[in-house]
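Tertiary structure, described
Below are the chains, spelled out letter by letter.
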Amino acid sequence: MVATLTERDLGGLHWMILRGQREEAFRLLGEHAAADTEAVLDELPGRARLASAIAREPALYQSIRATTSSRHPETWAELHALARGAGVPFDDLLLINLRGDLGTGDGTGCTDLAWGGDRPLVGHNEDGAPVLDGRSRLLTLLIHGEPGVCVWWYPGFLPANTFAVTARGMVWGIDHVGVTRPGPGAGRHFVARSMQRVDSVPAAVQHLRANPSAGGFAYTIGQVGRPGVTVVEAAGAQTVVTPVLQGFSWHTNHFRQLSHLDVAAAESLARADVCTRLEPEQADAGWLLDTLTGKPVPDGLHRDASGGDSLMTLSTMVADLAEGVVTIVSRGSDPLRATVRELASGVVPAA
């Protein structure tokens, strides 16, 4: 099956639709984004720190590498194809895809908000380094034999570490958590990518329990047409599941239930403080969108890589799970409003 890549501009939001057999599709994606991948590798903060972590504990790195390749061979092959297409060494891409798995405790970024009940909502701010501004984009993957999935994608990265919307009605946002000591498991990006095949919230929880990641992620998960939202904190062999059956929930970049595994950064705590002061009696998609995009830190949740903050909010996603409608806003774009089915199939009607 020949791979194809189609690009669209939707009010300033850059959207790519990738179709085909797994390895050929990822090779094409890497080739298409080769220049952006080189720029990310050159400018992404923290690479030297990651390399130092490997030099200090080579056995840990080799263990994570071996576990990842054996437990997630399809996703391992995707990263190889991505590197081949971009013309960069595989180990360079593996290094940045294992950030957060090597025990450096570095980085902070992203906020998730949720509302439970019969009209559940999931909202996500995707925060990243300025080098990713204008280079990251919306990507729909239509890999042969798999359900379609729409994600926010960073060049050089597996399409897994931001937010996801799938053809099976699954929606989630992911928050980075920098654990101080990696647990037994695979690279967390590989675990998250393979989770995109699940068909229910219980299946997602089971996947995370059965596939531990060395580093930490917090997932805020819902499904179209199903009540409630579920928050899962996962790192190593430890997984804590918190159902949000009613009312408001939030997560930033430190564990709330597994707090013994990480050290909360001041910036994450500041956004957490904003969240604790939010006490909505009722919420809708508009409220979540305004809350995520309205005020800048430290009074709000939106980030602009200013005032000592090293990251910026690259995109915002809000999903109304009762209606099956998602709103996405990237920096400088008009809001895109589409159904989960449209995003996951790569077919969104022109405005």
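Throughout, residues of each chain are indexed from 1 in the direction in which the sequence is written. With pLDDT at 70 or above as the cut-off, local features in this predicted model cover only qualifying residues; side-chain atom pairs require 80 or more to be listed or tallied, and sums for whole chains, interfaces and linings still use all residues. The side-chain numbers reported here are obtained from all heavy atoms of the structure, hydrogens and water having been left aside.

1. Details of unusual backbone geometry
Formally: Secondary structure is summarised from DSSP: a helix means a run of H or I of at least four residues, a strand means a run of E of at least two, and numbering begins at the N terminus for each. Each residue is placed in one exposure class: buried if its accessible area under a 1.4 Å probe, protein chains only, is under 20% of its type's maximum, exposed if it is over 50%, and partly exposed if it falls in between.
A cis amide bond, omega 10°, links V297 with the succeeding residue P298. Mapped onto the fold, P298 is located in the loop between α10 (285-293) and β13 (312-320). Look at C110: it is not a glycine, yet its phi comes out positive at around 95°. In this structure, C110 sits in the loop between α6 (90-97) and β3 (111-115). In this structure, A305 takes a positive phi of about 50° despite not being glycine. With respect to the element layout, A305 can be found in the loop between α10 and β13. Overall, A305 belongs to the partly exposed group, its relative accessible area being 28%.

2. Considerations on the sheet that holds strand β8 (residues 170-177)
To keep things clear, this is the line we draw: At least two DSSP bridges between two strands are required for those strands to pair. Note on method: axes are straight lines fitted to C-alpha atoms, helices fitted across the in-contact stretch only, with angles between N-to-C directions ranging 0 to 180 degrees. Contacts are assigned to residue pairs that have any heavy atoms within 4.5 Å of one another.
Reading across the sheet, the nine strands line up as β1-β2-β5-β6-β7-β8-β9-β10-β11 and stay open at both edges, with mixed pairing between neighbours. Both outer strands of the open sheet, β1 (4-10) and β11 (238-244), are each paired with one neighbouring strand and no more. For this sheet, the mean inter-axis angle between neighbouring strands, taken without regard to orientation, is 20°. Packing against the sheet, helix α1 (residues 22-32) makes contact with β1, β2 (13-20), β5 (137-143) and β6 (149-153), and its axis sits at approximately 150° to β2.

3. Thoughts on the nonpolar core
As a reminder, the rule being used: Working definition of a nonpolar core: buried Ala, Val, Leu, Ile, Met, Phe, Trp, Tyr and Cys residues. They are joined through side-chain atoms within 4.5 Å.
Core analysis: the biggest nonpolar cluster contains 92 residues, and L102, L138, W172, Y219, I221 and L343 have the highest contact counts within it. Ranked by residue count, the leading element in this core is helix α5 (residues 73-86), at six residues. Not counting residues within four places of it along the chain, the set of residues in contact with L102 comprises L50, A53, I54, L60, Y61, I64, L95 and P182. Grouped together as the second largest cluster of nonpolar side chains are 14 residues, L121, A272, A283 and L289 included.

4. Observations regarding the packing of α5 against α6
Quick reminder of the rule: Our angle categories are set so that under 35 degrees counts as roughly parallel, over 145 as roughly antiparallel, 65 to 115 as roughly perpendicular, and the remainder as oblique. Throughout, a crossing is termed right-handed when the near helix is turned clockwise from the far one, and left-handed when it is turned anticlockwise from it by less than a right angle. Gly counts as polar in this scheme, as do all residues outside two lists: the nonpolar Ala, Val, Leu, Ile, Met, Phe, Trp, Tyr, Cys and Pro, and the charged Asp, Glu, Lys and Arg.
In contact at an axis separation of 9 Å, α5 and α6 are set at 125° when each is read in the N-to-C sense. Between α5 and α6, the crossing angle belongs to the class labelled oblique. Between α5 and α6 lies a crossing of right-handed hand. Note on element contacts: α6 touches α5 through F90, L93, L94 and N97, opposite W76, L79, H80, L82 and A83. Across the contact of α5 with α6, the residue classes break down as seven nonpolar, two polar and no charged.

5. Examining the pattern of salt bridges
For clarity, the cut-off: When a carboxyl oxygen of Asp or Glu is within 4 Å of a side-chain nitrogen of Lys or Arg, the pair counts as a salt bridge.
Following the criterion strictly, the structure yields 22 salt bridges and no others. Here R22 ties to E146 by a salt bridge, and the two come within 2.5 Å at their closest N and O atoms. Highlighted residues: R22 in helix α1 and E146 in the loop between β5 and β6, separated in sequence by 124 residues. Of the two residues, R22 and E146, both sit in the buried class. R27 serves as the salt-bridge partner of E31, at 2.9 Å between the closest nitrogen and oxygen. Linking E31 with R27, this pair stays in helix α1, spanning four residues, or about one helical turn. Classification of E31 by relative accessible area gives partly exposed; the value is 44%. Each of the salt bridges in this network shares a partner with another, and the network as a whole consists of R22, E78, E146, R193 and R197.

6. Re the side chain of T67
Relative to the helices and strands, T67 resides in helix α4 (residues 58-71). If sequence neighbours within four positions are ignored, T67 has contacts with G185 and A186.

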